[in-house]
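Coordinate inspection notes
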Amino acid sequence: MEHSTNTAGILEIGGVDVSTLKKEYGTPLYVYDVGRIRQNARAFVETFEQEGIPAQVAYASKAFSSVAMIQVADEEKLSLDVVSEGELYTALEAGFPVKKIHMHGNNKSRAELKMAVDAKIGCIVVDNFYEIALLEEILEEENTTMDVLLRVTPGIEAHTHDYILTGQEDSKFGFDLTSGQADRAFASLLESPGMNVIGLHCHIGSQIFETSGFLMATRKLFDIMKKWKEEYSFEAKVLNLGGGFGIRYTEEDDPLSLNEYARALMSEVKFQSEKQNYPMPEIWIEPGRAIVGDAGLTLYEAGSVKEIEGVRTYLSVDGGMTDNIRPALYDARYDIKAAERMNEEERRTYAIAGKCCESGDMLIWDATLPDITPGDTLAVFSTGAYGYSMSNNYNRFPKAAVVFVENGSHQLVIRRESFDEVTRFDLNFKTGGDTDE
Ligand code: LLP
């Protein structure tokens, strides 16, 4: 993540120094540089505009869903991808234009589908036969229609962590292309009076650096669109190629720029459209991580230091797997800095530990930092995606606050949880039960 340091050696984000943020809001604290979010969004939007291809960039709100974030997405003219009632509710609370909302999910409930239909969102991405039947029923009951995309699994194994890989045949998501499952689903959608199929969707995985997987998926989708054009005279208005664009977490990562990802996709789409003589559909993508990942960092306060002579020095911080579960879950790597001692020589190696009662609660195994004393401020970079959104209350830690900074000003956009809120659903136990006779 790009960052600047002021003359006192203090890290600044969005024109605000981290000491001010720590003093005002405490730690652990998620801080987002709104300017960077806008820059990321524009990199996609402007590349599509330059290529002259009608496109929609839908922010995958699972990466970080909050009212303020969704309002920024709206300001940047993004569309929105939601995967649950909760994410849809947040989008509606944020006043996001409903027609630009798309809903995903491999097990959408009747309530979720009904909420989407009632809210008159732009489109539902249909994932399985159970959902087709449910949605058909709801549309019939409500005597209305819905635009849908058919989600297919193109049989592509992208190089990423197994848990965030989704485009291979053996996946819980979407209809398989090779077994004829997708053909059957498509035929049944065409027969449904309530469902208006506008195109196809695929998502091959997350944190992907190479374009080859995206290009292969594009080819496979054009092949099937061509086949369905011949068989059913169906022309897709929309081709949604999902998200998954990889970002830099540490020096070891070498992603393309967002413009490069977008350009690579566009040139393959143009090539396929010409080669297959298929009218150019509108291209939709759904980046989550690439919009918010490198725009966020987490501030912690350093606490205990435990040195095991000749083995390792553990430096514990006041957060951990409750605010960032990615290292424990995916072996994810991050960079860290002593945020108020940026000009000091980094000469000590620390293992950065969280404070949960679990040995696996480690944020970084080998961080190089100046000598740290308790009370120092530490910044872990690129925590903007899947940090807050996967945060939890393990050990009954309250969830951390989120602050947005832009042009030298800062504002709280999610409050820190209080202990009252941590216990808000707890009820007293009454021996013998509380049923009134
Ligand atoms: N579209 C669909 C259908 C998806 O399933 C996903 C992510 C995205 C878009 C956005 O992908 P992105 O551009 O953010 O890579 N919790 C994991 C990531 C899970 C991603 C799930 N689906 C992590 O922390 O890495």
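Residues numbered from 1 in each chain as written. Predicted model: local features only at pLDDT ≥ 70, side-chain atom pairs only at ≥ 80, totals over all residues.

Moving on, we come to helix 8 (residues 212-232). Taking 1.5 Å as the rise per residue, helix 8 with 21 residues should run 30 Å; its terminal C-alpha atoms sit 30 Å apart, in good agreement. What helix 8 keeps buried is the set Gly213, Phe214, Ala217, Thr218, Lys220, Leu221, Phe222, Met225 and Trp228. Looking at the buried side of helix 8, the elements it contacts are helix 7 (181-191), strand 11 (195-201), strand 12 (238-240) and helix 9 (258-275). (Helix = DSSP H or I, 4+ residues; strand = E, 2+ residues; numbered from the N terminus. Expected span 1.5 Å × (residues − 1). Buried ≥ 20, exposed ≤ 12 C-beta atoms within 10 Å, placed from the backbone. Contact = placed C-beta atoms within 7 Å.)

Our next topic: the site of the ligand. Near the ligand, the surroundings consist of 22 residues, among which Ser206, Gly243, Gly288, Arg289 and Tyr386 are the closest. Elements represented by at least two residues in the shell around the ligand include exactly helix 10 (289-292) and helix 11 (326-330). Tallied by class, the residues present in the shell around the ligand amount to 9 nonpolar, 9 polar and 4 charged. Residue contributions to the shell around the ligand reach at least three from each of two domains, namely domain 1 (4-31 + 294-422) and domain 2 (34-290). (Near = placed C-beta within 6 Å. Nonpolar A, V, L, I, M, F, W, Y, C, P; charged D, E, K, R; others polar. Domains from an automatic or database assignment.)

Formed by 118 residues in total, the largest nonpolar core has its most connected members in Val31, Leu80, Val148, Leu150 and Ala379. With 6 residues, the single largest contributor to this core is helix 8. If near-sequence neighbours (up to four positions away) are discounted, leucine 150 is found in contact with Val126, Phe175, Ala182, Ala185, Phe186, Leu189, Val197, Leu200 and His201. (Core = buried A, V, L, I, M, F, W, Y, C linked by C-beta atoms within 7 Å.)

Our focus in this paragraph is the domain arrangement of the chain. The domains assigned to the chain are domain 1 (4-31 + 294-422) and domain 2 (34-290). The straight-line distance from the C-alpha centre of domain 1 to that of domain 2 is 33 Å. Listed as interface residues are 20 residues of domain 1 and, on the opposing side, 20 residues of domain 2. Among the elements that take part in the side of domain 1 that touches domain 2, strand 20 (residues 401-406) stands out by supplying 4 residues, more than any other. Broken down by class, the residue content of the side of domain 1 that touches domain 2 amounts to 12 nonpolar, 4 polar and 4 charged.

Under the UniProt annotation, "binding site: pyridoxal 5'-phosphate" (unreviewed entry) lies at Gly244, Glu286, Pro287, Gly288, Arg289 and Tyr386. Along the polypeptide, proline 287 turns up in the loop between strand 13 (282-285) and helix 10. What makes proline 287 buried here is the crowd of 29 C-beta atoms within 10 Å. Residues contacting tyrosine 386, with those up to four places away along its chain left out, are Ala63 and Arg326. (UniProt positions renumbered as here; feature names shortened; annotations may be inferred.)

Before going further, it helps to spend a moment on the sheet that holds strand 1 (residues 4-5). Within the open sheet, the 3 strands sit side by side as 1-2-3. Their pairing is antiparallel. Taken across any chain shown, the strands that pair with only one partner, and hence form the sheet edges, are strand 1 and strand 3 (16-17). (Pairing = 2+ DSSP bridges.)

So, on to unusual backbone geometry. For the bond from threonine 27 to proline 28, the omega torsion is -10°, close enough to zero to count as cis. Tracing the backbone shows proline 28 in the loop between helix 1 (18-25) and strand 4 (29-33). Unlike most non-glycine residues, glutamine 207 shows phi in positive territory, near 55°. Within the secondary structure, glutamine 207 sits in the loop between strand 11 and helix 8. Given 24 C-beta atoms within 10 Å, glutamine 207 falls into the buried group. The phi dihedral of asparagine 395 is positive, around 60°, even though this residue is not glycine.

As a further point, take the confidence of the model for the chain. Taken as a whole, the chain shows an average pLDDT of 95; of its residues, 96% reach a score of 70 or greater. This complex was scored by the predictor with a pTM of 0.96 and an ipTM of 0.99. (pLDDT = per-residue confidence, 0-100.)

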